[in-house]
Amino acid sequence: MSDDTIFALSSGNVPSGVAIIRLSGPKVRFAFETMIGFLPPARKAVLAELKDGSDKILDQAIVLFFEGPRSFTGEDCGEFHVHGSRAVLNVVLSELSHFDGFRLAEAGEFSRRAFENGRLDLTEIEGLSDLILANTEQQRVLAQKQTSGKLRALYDDWRNRLINLRAHIEADLDFSEEEDIPDDVNRHLIDGVGGLITDITAHIDSFVKGEIIREGFKVSLVGAPNSGKSSLLNALAKRDVAIVSEYKGTTRDIISISLNLDGFEVVISDTAGIRDTDDVVERIGIDRAIDSGRDANLTLFLQSSDQEPWNQSDLEDMFGDNVEIIYSKADLLSNKNIGDNSIYVSSISQAGLKDLEQLISIRARNSIGNGNQLFLTRMRHKLLLEKSLFHLNSILNDNEMLIELISEELRLASDQLGRIIGKVDVEDLLDAVFSEFCVGK
Ligand SMILES: Nc1nc2c(ncn2[C@@H]2O[C@H](COP(=O)(O)OP(=O)(O)OP(=O)(O)O)[C@@H](O)[C@H]2O)c(=O)[nH]1
Ligand SMILES: [Mg+2]
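Reading guide: rules and limits
Each chain carries its own residue numbering, running from 1 in the written order of its sequence. Both sets of labels track the order of writing: A upward for chains, 1 upward for ligands. Two thresholds apply to this predicted model, a pLDDT of at least 70 for residue-level local features and 80 or more for giving and counting side-chain atom pairs, whereas whole-chain, interface and lining totals are computed over all residues. We count a stretch as a helix when DSSP gives it H or I for four or more residues in a row; a strand needs E for two or more, and each element gets its number in order from the N terminus. To sort residues by exposure, count the other C-beta atoms lying within 10 Å of each residue's C-beta; 20 or more gives buried, 12 or fewer gives exposed, and values between give partly exposed, all with C-beta atoms placed from the backbone. C-beta atoms are first placed from the backbone for all residues, and any pair lying within 7 Å is then listed as a contact. A set of buried residues drawn from Ala, Val, Leu, Ile, Met, Phe, Trp, Tyr and Cys, joined through C-beta atoms within 7 Å, is what defines a nonpolar core. Domain borders in the structure are assigned automatically or taken from a domain database. For helices, the axis comes from a line fit to the C-alpha atoms of the stretch in contact; other axes are also lines fit to C-alpha atoms, and the angle between any two N-to-C directions lies between 0 and 180 degrees. Orientation labels follow simple angle bins: below 35 degrees gives roughly parallel, above 145 gives roughly antiparallel, 65 to 115 gives roughly perpendicular, and whatever is left gives oblique. Residue polarity follows a fixed list, in which Ala, Val, Leu, Ile, Met, Phe, Trp, Tyr, Cys and Pro are nonpolar, Asp, Glu, Lys and Arg are charged, and the others, Gly among them, are polar. A helix is expected to reach a length of 1.5 Å times the quantity of its residues less one. Defining nearness, a residue is near a molecule or strand when the C-beta atom obtained from its backbone falls within 6 Å of it. By definition, two strands form a pair when at least two bridges between them are found by DSSP. For any helix crossing, the convention is left-handed if the near helix is rotated counterclockwise from the far helix by under a right angle, and right-handed if that rotation is clockwise.

**A few points about the overall build of the protein**
Part 1 of the reasoning: Along its length, the protein carries 15 helices and twelve strands.
Part 2 of the reasoning: The principal-axis extents of the C-alpha atoms in the protein amount to approximately 80 × 80 × 40 Å.
Part 3 of the reasoning: Expressed as a percentage of the 441 residues in the protein, the buried residues total 37%.
Part 4 of the reasoning: In the protein, the proportion of contacts linking residues at least 24 apart, taken out of those at least 6 apart, comes to 62%.

**Overview of the nonpolar core**
Part 1 of the reasoning: In this structure, Phe7, Ile21, Phe80, Val82 and Val92 are the most contacted members of the largest nonpolar core, which totals 52 residues.
Part 2 of the reasoning: Mapping this core onto the domain boundaries places at least three of its residues in each of domain 1 (5-105) and domain 2 (124-206 + 376-434).
Part 3 of the reasoning: Judged by nonpolar contacts, the second largest core, of 37 residues, contains Val219, Ala242, Leu259 and Ala364.

**Notes on the domain arrangement of the protein**
Part 1 of the reasoning: By the assigned domains, the protein splits into domain 1 (5-105), domain 2 (124-206 + 376-434) and domain 3 (218-367).
Part 2 of the reasoning: Domain 1 and domain 2 are separated by 42 Å when their C-alpha centres are compared.

**Observations concerning the packing of helix α13 (residues 379-397) against helix α14 (residues 403-421)**
Part 1 of the reasoning: Taken N-terminus to C-terminus, the directions of α13 and α14 make an angle of 170 degrees; their axes are 8 Å apart at the nearest point. With respect to their mutual orientation, α13 and α14 come out roughly antiparallel. Contacts between α13 and α14 pair His381, Leu384, Lys387, Ser388, His391, Leu392, Ser394 and Ile395 from the former with Ile406, Glu409, Leu412, Ala413, Gln416, Leu417, Arg419 and Ile420 from the latter.
Part 2 of the reasoning: For the contact of α13 with α14, the class distribution of residues is eight nonpolar, five polar and three charged.

**Remarks on helix α4 (residues 122-133)**
Part 1 of the reasoning: Over its twelve residues, α4 runs 17 Å from end to end, which matches the ideal 16 Å to within 8%, given 1.5 Å per residue.
Part 2 of the reasoning: The element α4 is largely enclosed, with a buried count of nine among its twelve residues.
Part 3 of the reasoning: The set of residues buried in α4 consists of Leu122, Thr123, Glu124, Ile125, Glu126, Gly127, Leu128, Ser129 and Asp130.

**A closer look at the site of ligand 1**
Part 1 of the reasoning: Inspection of the region around ligand 1 gives 24 residues, with Gly228, Ser230, Ser231, Thr251 and Gly273 positioned closest.
Part 2 of the reasoning: Across the shell around ligand 1, the residue classes break down as five nonpolar, 14 polar and five charged.

**Some words on the sheet that holds strand β8 (residues 255-261)**
Part 1 of the reasoning: The strand order β8-β9-β7-β10-β11-β12 describes an open sheet built from six strands, whose pairing is mixed. This sheet does not close on itself; its edge strands, each paired only once, are β8 and β12 (343-344).
Part 2 of the reasoning: The pairing of β8 with strand β9 (residues 264-270) spans seven bridges and is antiparallel. Across the sheet, Ile257 pairs through a bridge with Ile268, a residue of β9.
Part 3 of the reasoning: Contacts between helix α9 (residues 229-237) and the sheet are confined to β7 (217-223), β8, β9, β10 (298-304) and β11 (323-328), with β9 contributing the most and set at about 150 degrees to the helix.

**Things to note about the pairing of β7**
Part 1 of the reasoning: Among the seven residues in β7, seven count as buried, and that is most of the element.
Part 2 of the reasoning: Side-chain alternation along β7 places Phe217, Val219, Leu221 and Gly223 on one buried face and Lys218, Ser220 and Val222 on a second face that is also buried.
Part 3 of the reasoning: Across five bridges, β7 lies against β9 in parallel orientation. What sits directly across from Val219, in β9, is Ile268.
Part 4 of the reasoning: With five bridges joining them, β7 and β10 adopt parallel strand pairing. When the bridges of β10 are listed, Val219 appears paired with Leu298.

**So, the packing of helix α7 (residues 183-205) against α13**
Part 1 of the reasoning: Running from N to C, α7 and α13 cross one another at 150 degrees; their axes reach a closest spacing of 10 Å. The pairing of α7 with α13 is recorded here as roughly antiparallel in orientation. Pair α7 / α13 crosses with left-handed handedness. Where α7 approaches α13, its residues Ile190, Val193, Gly194, Leu196, Ile197, Ile200, Thr201, His203 and Ile204 are matched on the opposing element by Lys382, Leu385, Glu386, Ser388, Leu389, Leu392, Asn393, Ile395 and Leu396.
Part 2 of the reasoning: Its residues placed into classes, the contact of α7 with α13 shows eleven nonpolar, five polar and two charged.

In C-alpha cells:
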C-alpha cells in the first residue's frame, strides 16, 4: 500500500450546490494546517477559508477532520465541502496536487485502503459498490444488508462452525490411541458437515433471486412478426427505442430497456418475430429471440387479433414454463373477450399497459419470495461456496477417510469462506473487486 495522501472529488457532477473533496493519508493534517491554518477538532464541522500558499482565498468551505483509525479508510481523513463549481474545484484540487506526497486517488482507492486497514471486509466493500450503483429500492435494500455486514456474519458463522468441527476431531486425534474415530465424534462430525451442506446449498439456491434484484428481472417480448413487440417496447419505455414498421421481420437484433417497476429493476427485451424464413440473417435473429424467451424470467408472447393463434403447450415447448400470452392491438377488436383474465394491450390507445406493468411487477416480486432472506448476489461468492461444498461433500462421500484428511478437507472448506470475506489470500481478487468503483470511493 502506498504512503501517498490521496484526494478526489467524492460527490457527483458539477456544477452543484456543494461538492465534497475527500482526503486520506498520513499528510491530511498538513493539508488542513496549510490551507486553513489549523487542525479542526475531529468529527466537528467547521466553517473555514481555504487558502493557497500566497494567502489567496480559494473558497469558503465546511471542513471535517476524521482522525485515524476511526475513519472510513482507517487513516487520517478529511473532507472539504466547497462550492460545487468547476472553477472552485480546479483551484482547490490543483493546490492539493502541488503538495509533496499528495496525488489524485485512483478508482476505488479509498475503499481499498478501508479493506487493507481492516475497516471493511470484501462482502461489505462489494455491498458498498452495489449501494452506489443501486437504481431501485430492491437493489438498495439488498446492498444495504450486504454493506452492513450481514453477509459477512453469515459466512463467519459457517467458518466458525467448520473451525469448531476441526478442533473437535483434532483434539480426538491428539488424545486417542485408536485408529478409528469414536462413534460420538463421528456422529457430531456427520451432523455438523450435513447441516453446513444444507445451509450452504440453500444459500447457493438463492443466487437466482439475488441476481434478479441485482441484474434485473428479465422479460422477453416474443411473437410472430408484426404482432406489435417493438411498438409495445416503445410504449413501455415511453420513447422511440426500436424501429416499428408495417413490414414483417423488421426487428433482427435484441433491443433491451431497463425500467423501475414497483422498486424492481426490470429489463425488457424486444426480439425478432418468429416465423419460417429462408433469410439467413433473419434466421439468426429468430434463434436469438427463442434463446431470449427461454432465458427470461418472464416471456410475454404477443398474440395479435389479426394473426393465427398459437397454443400454450407449443409455446411452453419453445420457451419453457414462464411464458404468458398477451393479446396485442386491442384497439382493433370490436367485441373484446374481456370476460377472461387475459391481458389485452394496445400500444396505440395505451389500453392495458398499466395492467401489464402490474403483471410484470407481481411476477418479479413472487420470484424473490418474501425477501427477508440474505441472498447470494455475486458469481465470485457462488464459485467459492461451491468449492467449499465440494470439500464438505467429499467428507460425507468417503466413509473410510482418515482423520488427517477430514481435517484437511474442513480446512479447505473454511478457506473458501475466508476468501469470500477477504481473510484468506485474496491478493489476486482485489483488483477485480475494486475496479468496479468510481474515483472518490
Ligand atoms: N392498431 C394497432 N397497430 C399496432 C399496434 N402495435 C403495433 N401496431 C402496428 O403493427 C405493425 C407492426 O408493429 P411492430 O411493433 O413493428 O411489430 P413487431 O412485432 O415488432 O414486428 P417485427 O419486428 O417484424 O417482428 C406496425 O405497423 C404498427 O404500427 C397496436 O397496438 N394497435
Ligand atoms: Mg419489431
